[in-house]
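# Report on the structure
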Amino acid sequence: MSDLLYGLNDNQRDAVLHGDGPLLLLAGAGSGKTRVITHRIAYLIAERGISPYQILALTFTNKAAGEMRERVDNLVGESADKIWVSTFHSTCVKILRRYIDRLGYERDFSIYDSDDQKALMKEIIKSFELDPKKFKERTFLNVISSAKDEMLFPEDFARENESDYNMKRYIEIYTEYQKRLRSNNALDFDDLIMLTVKLFREEADVLDYYQERFRYIMVDEYQDTNTAQFQLLALLSSKYKNLCVVGDDDQSIYKFRGANIHNILNFEKVFPNTTTIRLEQNYRSTKNILAAASEVIKNNNERKEKTLWTEAGEGDPIIYARLDTDYEEAQTIAGDIRKKVRDEGASYSDFAVLYRTNAQSRIFEEKLVYEGIPYRIIGAINFYSRKEIKDLICYLKVVNNGSDDIAVKRIINVPKRGVGATSIEKISRFATMNDISFYDALSHAAEIPGTGRSLKGINDFLELIDSLRYDELSLESLIRDIIDRTGYQKELEAEETPEAEARIENIESLIDKVVKYEEETDEPTLSGLLEDIALVADIDTVDMDSDQVKLMTLHGAKGLEFPYVYMVGMEDGVFPGGSAIFMDDEEELEEERRLCYVGITRAKKLLTLTGANQRMRNGKTEFNRPSRFIHEIPRYLIKQVSGAMPKKQSFSADEGGWYTPSASGGSTYSSTAARKSTPKNKNNIFSNNPYITKGMGNTSSGSSSSGSASDTGKPDYAVGDTVSHVKFGEGTVTGMVDKGGNYEVTVDFEDFGPRKLLSSFAKLEKI
DNA sequence: CAGCCATATCTTTTT
DNA sequence: GATATGGCTG
């Protein structure tokens, strides 16, 4: 008992010791909320004699679930694996696999990811004879998803919108979409939650069973729950009322995905006799970082007041750098990281670069490669959404569930079997007319006129799937069989391109995942494997400890922490994003501000904010003013450091180098958004900033002085010279390109091969 | 039917 | 600028 409470602060202890009844934990960033949940679970088991079977802990990501289980394991010991720790979605899948037949679905249903949804919606748009140019799949899917998040079935949605003529089409499409999902025996992600709620509402015995089973429910990241998830929780907890939710309304950043902030704001009203405990002591960041975060979030109106505090020291000021271009922004950060690793003993894994949109990652990637810094981009492309992987998974899906028309259509002509779009169209129509699945219609292809030429391919396909269904050896042999018999890998091998090479590697890691699943699962099944694949995101498998700089969106960073955090693209129009400003949408701006708060509070030791006068976006050059969030941080917390001289002010074209911004009072900028909105602070708050110094702080990246490149001249080496580099050793200079005073030097290193480096950053010494 | 070139589009996205 | 889709041609 004393063990379980050791090291907890008063509020944390109160939360752990709370007995029965609803409990709301308002847990600020870095306040040790996972610790509280895990200790509370341990306390319930050890001290209150609750059976581990009766505890349900819900999270949003598999990663969070995994971490929580691991930590509970350490506290509770072996009985911990009896505790049901999982995501909302996999919990619902488990329940539905048992009882969904009561709702008229088969229990071996497929789970549709967003690609599958799009494919299905595309078909519907076509069958409604709508112009696909005018009507995007996403538009309809977004409406449907919002309806499902709000627990509106097609009938409910129709009722709610019956008076609105414009909604007529949406109603029809939603109805059709749901009908087709059912005939494909498929559920989309939203269905998983919505149908579980429906099941609980309609089948009293099922609800009762799970109420008895889960007498104690814990929910992490509660601020991100949507209405459907809320109802799920309300139903499950209505008997014993032991619902403990942990969340931070200031970190609600998924409104666009249906998260309902009122779930947390109104929790006390909805659940009478709620005990509310605030966890306000922060164990992560310095005072300065915390102060910056608090000052920013203060500007939001719709929030629960709370004040984070820390026993940590002031720490370094927040660094703010306004660079000339996005290119320089990336370059400066890459240099700064290298400098800190070299001179301050930091590890690459101590750094995170956070941006608003994935599209911003590219340029950082480029610069990090130049600098020879190991990095990992997180979340941009999901492993399972790669073409080759999706193709192979669709084979698995078809073997598992022949009703899955979307999967069948995707692979019927992959690899090429001479079954083209027209044949598919004809068979599809035949299937609809006879009310059978597309797969079943394939075996009647001979009766369908106009499919003669593709008949052989179709029969080959049917034969293949049929024989795969008799492969009962193992999942590994099944996937290998698919790869062999489709000739997928051979086809790629024949290509002999780097892309094909990469795909082969991906296929190999898919096999690895299948093998791993089979090893780690008690009773591996094909549908279990597919479920794992559908519900486990790429980010879940990222090893955060590996020694690489992490690049990700601000959204992706939630729940993580790093000693050094760079928030980049701090410009109005980029962050906060265009629509929040352009539409003058206060609600959306508040969501962006929460995102900013999330970003700031990821930093433990040093927070660096950067922006650029000029940046390329969507193929066009933009000029944005500094982010309004920068202005919301009081100036005494900030140390502004310079970037490069804006090119426009540099009359001699070749004169690059660095300068002190105090000379011109920050930066001159023009803005496309300037006319639209007026920021609260009209003057640049940094114009008289006493903190202005040259370079990236005192731990400057060396951009102003170090290296062989001087501010004015060429490096002292030239093509053909032998040079040495701290990391890469010796090599020969094979090329130099002038980039406005800075040189892109190509060096052929003896041990590392040819590499491109920038003279201003890379310390190259002539030998 | 398949491969190639032209045009459109471009927040965020735990599952 | 990069990618995905659509239309055209072989």
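The rules behind the values
- Residues numbered from 1 in each chain as written.
- Chains lettered and ligands numbered in written order.
- Predicted model: local features only at pLDDT ≥ 70, side-chain atom pairs only at ≥ 80, totals over all residues.
- Heavy atoms only, no water.
- Near = heavy atom within 4 Å.
- Polar contact = N/O pair within 3.5 Å; in protein donor to acceptor, adjacent residues only side chain to side chain.
- Nonpolar A, V, L, I, M, F, W, Y, C, P; charged D, E, K, R; others polar.
- 1 Å grid on protein atoms, 1.4 Å probe; cavity = no way out; pocket = protein on both sides within 12 Å on 5 of 7 lines; lining within 4 Å.
- Points joined across faces, edges and corners; volume = space filled by probe spheres on them.
- Helix = DSSP H or I, 4+ residues; strand = E, 2+ residues; numbered from the N terminus.
- Contact = heavy atoms within 4.5 Å.
- Salt bridge = Lys/Arg side-chain N within 4 Å of Asp/Glu carboxyl O.
- Buried < 20%, exposed > 50% of the residue type's maximum accessible area, 1.4 Å probe, protein only.
- pLDDT = per-residue confidence, 0-100.
- Axes fitted to C-alpha atoms, helices over the stretch in contact; angles between N-to-C directions.
- Parallel < 35°, antiparallel > 145°, perpendicular 65-115°, else oblique.
- Left-handed = near helix turned anticlockwise from the far one by under 90°.

Lining the immediate environment of DNA strand C, one finds Lys122, Arg362, Met616, Asn618 and Gly619. Backbone atoms, meaning sugar plus phosphate, form 42% of the atoms of DNA strand C positioned within 4 Å of the protein. Between DNA strand C and Asn618, the relevant distance is 3.2 Å, taken from a base oxygen to a main-chain nitrogen or oxygen of the residue. Partitioned by chemical class, the residues of the surface near DNA strand C number one nonpolar, two polar and two charged.

With that settled, consider the layout of surface pockets. Each pocket or cavity is described by its volume, and for the second largest pocket that value is around 1,800 Å³. Taken together, 38 residues line the second largest pocket, and the ones lying closest to its centre are Lys94, Tyr517, Glu520, Thr521 and Asp532. Listing elements by their share of the lining of the second largest pocket, those giving two or more residues are α4 (62-76), β3 (84-87), α5 (88-99), α25 (498-520) and α26 (526-535). Counting residues per element, the lining of the second largest pocket draws most heavily on α26, which supplies seven residues.

Following the sequence through the fold, His18 ends up in the loop between α2 (10-17) and β1 (23-27). Here the side chain of His18 touches Gly21 through a polar contact of 3.0 Å, landing on its backbone oxygen. Not counting chain neighbours up to four residues away, the residues in contact with His18 comprise Leu23, Arg40 and Thr275.

Evaluated as defined, the whole model comprises 53 salt bridges. The partner of Arg180 in a salt bridge is Glu176, and the shortest N-O contact between them spans 2.7 Å. Of this pair, Arg180 and Glu176 both sit in helix α9 (residues 168-183), four residues apart, which is roughly one turn of that helix. Exposure remark for Glu176: the relative accessible area of 17% places this residue in the buried category. In this structure, Glu371 and Arg338 form a salt bridge, with 2.5 Å as the shortest nitrogen-oxygen distance.

Here we come to empty space enclosed by the protein. Here the structure, examined in full by the defined rule, presents six cavities of 30 Å³ or more. The calculated volume of the largest cavity comes to roughly 80 Å³. What lines the largest cavity is Arg97, Phe109, Ser110, Ile111, Lys397, Asn400, Ser527, Leu530, Glu531 and Ala534. For the lining of the largest cavity, the secondary structure elements donating two or more residues are β4 (110-112), α18 (387-400) and α26. The biggest single contributor to the lining of the largest cavity is α26, with four residues. Each residue belonging to the lining of the largest cavity can be placed in one class, and the counts come to four nonpolar, three polar and three charged.

This paragraph deals with the confidence of the model for chain A. For chain A, per-residue confidence averages 84 on the pLDDT scale, and residues scoring 70 or more make up 86% of the total. Every residue in residues 644-713 is under pLDDT 50, and counting partners more than four places away or in other chains gives 125 contacts.

With that out of the way, let us pick up the environment of Gly578. Turning to its location among the elements, Gly578 is positioned in helix α27 (residues 578-582). With residues near it in sequence (within four places) discarded, Gly578 still touches Gly573 and Met583.

On to the packing of α5 against α26. Relative orientation of the contacting elements α5 and α26 amounts to 155°, with a least axis distance of 11 Å. One finds that α5 runs roughly antiparallel with respect to α26. When you trace α5 past α26, the crossing you get is right-handed. Judged by residue contacts, His89, Ser90, Val93 and Arg97 of α5 engage Ser527, Glu531 and Leu535 from α26. Looking at the contact of α5 with α26 residue by residue, the classes come out as two nonpolar, three polar and two charged.

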